[in-house]
Amino acid sequence: AEKRVWNFSPGPAAIHRDVLSKVQEELLDFEGSGMSAMELSPLFPAYDTMWKQADKDLRELLVIPDDYAVLWMQGGATMQFSAVVFNLLGDGSKTADYFGTGNWSERAIQEARRLGANVNAAIDTRETGYSTLPPKSEWKLTPASECAYLHYCLNETVSGVEWFEIPDVDPSVPLVCDASSTILSRPIDVARHAVIYAGCQKNFGPTGSVVVIIRKDLIGARPFKYPFPSMLDYKIMADYNSMWNTPATFPIYVGALVFKWLKEQGGLTEIEKIHIQKATRLYGVIDALSSVFYSPVQRSCRSRMNVVFRILGKDGKPDPDLEAGFLKDAVEFGLQQLKGHRTVGGVRASIYNGMPIEGVEALASYMEDFAATIK
Ligand code: PMP
């Protein structure tokens, strides 16, 4: 008998069972080849056709303009923290602006500094516990003519803050977006960006590949001050159709299935409605039972992907023992991987594309029952 649980992991994250069933169905024989998709050369005709269709589907879903290239790279989103610097900083005479809104954008900042970039943290919300996104009046932007690019993280996976408006900055400054934990959960205006990158393992498949969407005129346009690894070079990756080395064929294959599935659901406008419904349900429980649950995140930027909350004791303060009990008992109800990031504690429910409404409903009911028992 099959035992599937509701998996709230922040990543590698739940993959929708329809997609997993398709993988299972095709595992031994992909498209009549008599081989698994993961045993095929990317140049094998059936694989090649599938990958081209994946590219088409992704472009259709995100409405990616023709003057943008789509690359599939490796090394996770973390490798893109370096790739962005090597490909966009140029000779280093300009400042790189970063929005420091959480621990992932902090990682990006650290990496840029490590590579010698002159970094300006135009936002730094560390003091707030990364629970806010300040308004434009508080951003400390470098003047456009002196700014190489601006990097921001569209959804901070650890603290659960999400930008619902693209930062309004001078259009002459290339805008770079780490969309790892929210890509394909809603439409996004690609044309406002210079680069968007995202790892697969949250919204579109297993770990192992990263999609990089880049405006073509920026590819190879800004020589870095010294040579850097070919594997990080957008120009080489673009010239070789993401096949400078062996691409991560399995994640690309599963990504292709997710894209197809997302299209069948009606595309990103429909997908966004589902996410709003899911997030509203969970934040609704948190707000309605405010003597037990507490969301540290400013309301206007509460993430739809990572719902972070604390459980309060009788004294109204977060109570790690109650939280441990909540997490332990959750497992018995088939609700798993809900533990908050070790740096923040508490509870985090990650509800990406692979998490259906039923799973969220199961968690919401469990939260309501839990609150009733400790009242
Ligand atoms: N950026 C964000 C927003 C993330 O959530 C993550 C992974 N949790 C990363 C970057 C790093 O991704 P990877 O571990 O695949 O390098």
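Quick caveat: nothing in here was measured; it's all calculated off a predicted structure.

Draft legend 1. The arrangement of the nonpolar core in detail. Among the nonpolar cores identified, the biggest contains 112 residues, and Tyr149, Val176, Val195, Tyr197 and Val212 are the most heavily contacted of them. Broken down by element, the residue count for this core peaks at eight residues, all from helix H6 (residues 249-264). Shared between two domains, this core takes at least three residues from each, and those domains are domain 1 (17-264) and domain 2 (266-374). Setting aside its immediate chain neighbours within four residues, Val195 contacts Val84, Val176, Cys177, Val212, Ile213 and Ile214.

Draft legend 2. Representation of the packing of helix H3 (residues 76-88) against helix H4 (residues 103-114) in the model. Packing of H3 against H4 leaves a shortest axis separation of 9 Å and a crossing angle of 45°. Considered as vectors, H3 and H4 are oriented oblique to each other. When the axes of H3 and H4 are compared, the crossing they make is right-handed. Judged by residue contacts, Thr78, Phe81, Ser82 and Val85 of H3 engage Arg107, Ala108, Glu111 and Ala112 from H4. Partitioned by chemical class, the residues of the contact of H3 with H4 number four nonpolar, two polar and two charged.

Draft legend 3. Seen up close, the site of the ligand. The immediate surroundings of the ligand are formed by Gly11, Gly76, Ala77, Thr78, Trp104, Cys153, Thr157, Asp178, Ser180, Ser181 and Gly199. For the shell around the ligand, the leading source of residues is H3, giving three residues. A class-by-class count of the residues in the shell around the ligand yields three nonpolar, seven polar and one charged.

Cut-offs applied
Residues numbered from 1 in each chain as written. Predicted model: local features only at pLDDT ≥ 70, side-chain atom pairs only at ≥ 80, totals over all residues. Core = buried A, V, L, I, M, F, W, Y, C linked by C-beta atoms within 7 Å. Buried ≥ 20, exposed ≤ 12 C-beta atoms within 10 Å, placed from the backbone. Helix = DSSP H or I, 4+ residues; strand = E, 2+ residues; numbered from the N terminus. Domains from an automatic or database assignment. Contact = placed C-beta atoms within 7 Å. Axes fitted to C-alpha atoms, helices over the stretch in contact; angles between N-to-C directions. Parallel < 35°, antiparallel > 145°, perpendicular 65-115°, else oblique. Left-handed = near helix turned anticlockwise from the far one by under 90°. Nonpolar A, V, L, I, M, F, W, Y, C, P; charged D, E, K, R; others polar. Near = placed C-beta within 6 Å.

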